[in-house]
Amino acid sequence: QVQLVESGGGLVQPGGSLRLSCAASGSIASINAMGWYRQAPGKQRELVAIIGSGGIRYGASALGRFTISRDSAKNTVYLQMNSLKPEDTAVYYCNLETRSKSTYWGQGTQVTVSS
């Protein structure tokens with residue numbers, strides 16, 4: 001089994017920054033990609049950013065403000081979020097996809113952007 005542990009969420013004022021981390025452990029045979037999705041109340045889960053063998057891809061809401069990076073040695077992915085807006089408020093979920101196309105999700109971390 002694979003475990004994903006997220007950290008770094010919290011409350012931040014508009015215009016502020018947060019850095020999310022997600023560490024993967026367990027039976028990781030081969031990672032194809034790791035990334036972040038988010039889900040706001042009443043909305044569908046959406047892609048924030050993903051990094052893997054296919055490169056980096058950002059969701060429209062993240063372009064120009066968020067940066068995804070990865071430490072392969074630590075099986076950890078990071079999401080630097082700048083210029084946060086109230087509409088960024090959501091639960092952020094870490095995602096891992098293996099080369100065999102198995103998918104795993106973290107428990108989610110709450111990000112609240114409010115003054």
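The rules we used
Residues numbered from 1 in each chain as written. Predicted model: local features only at pLDDT ≥ 70, side-chain atom pairs only at ≥ 80, totals over all residues. Heavy atoms only, no water. Helix = DSSP H or I, 4+ residues; strand = E, 2+ residues; numbered from the N terminus. Rg over C-alpha atoms; globule rule 2.2 N^0.38 Å. Buried < 20%, exposed > 50% of the residue type's maximum accessible area, 1.4 Å probe, protein only. Contact = heavy atoms within 4.5 Å. Areas by Shrake-Rupley, 256 points an atom, 1.4 Å probe, with all protein chains shown as cover. Lys, Arg positive; Asp, Glu negative; His and termini not counted. Charge placed at Lys NZ, Arg CZ, Asp CG, Glu CD. Pairing = 2+ DSSP bridges.

Trainee: Which parts of the structure should I look at to understand the overall build of the protein?
Mentor: Check the secondary structure of the protein and you find zero helices and eleven strands. By the compact-globule yardstick of 13 Å for 115 residues, the protein fits well, its C-alpha radius of gyration being 13 Å. For the protein, the C-alpha atoms occupy an extent of roughly 45 × 25 × 25 Å along the three principal directions. Among the 115 residues that make up the protein, the fraction classed as buried is 42%. A fraction of 53% describes how many contacts in the protein between residues 6 or more apart in sequence connect residues 24 or more apart. Total accessible area on the protein stands at roughly 5,900 Å², and carbon and sulfur atoms take up 47% of it. Between the centroid of the 11 positive side chains of the protein and the centroid of its 6 negative side chains there is a distance of 4 Å.

Trainee: Teacher, can you tell me more about the pairing of strand S4 (residues 31-39) here?
Mentor: The side chains of a regular strand alternate, first on one face of the sheet and then on the other. The buried count for S4 comes to eight of nine residues, which makes it a mostly enclosed element. Where S4 meets strand S9 (residues 90-98), eight bridges bridge the pair, whose relative direction is antiparallel. When the sheet's bridge partners are listed, Gln39 is paired in S9 with Val91. With six bridges connecting them, S4 and strand S5 (residues 46-52) associate as antiparallel partners. Bridged to Gly35 within S5 is Ile50. Between the end of S4 and the start of S5, which pair antiparallel, lie six residues, with Gly42 showing a positive phi angle near 80°.

Trainee: Quick question: what am I supposed to make of the environment of Asn82 here?
Mentor: By secondary structure assignment, the location of Asn82 is in the loop between strand S8 (76-81) and S9. With a relative accessible area of 29%, Asn82 lands in the partly exposed category. A C-alpha to C-alpha distance of 8.6 Å links Asn82 and Arg19, two positions 63 residues apart in sequence. Setting aside chain neighbours within four positions, we find Asn82 in contact with Gly16, Ser17, Arg65 and Phe66.

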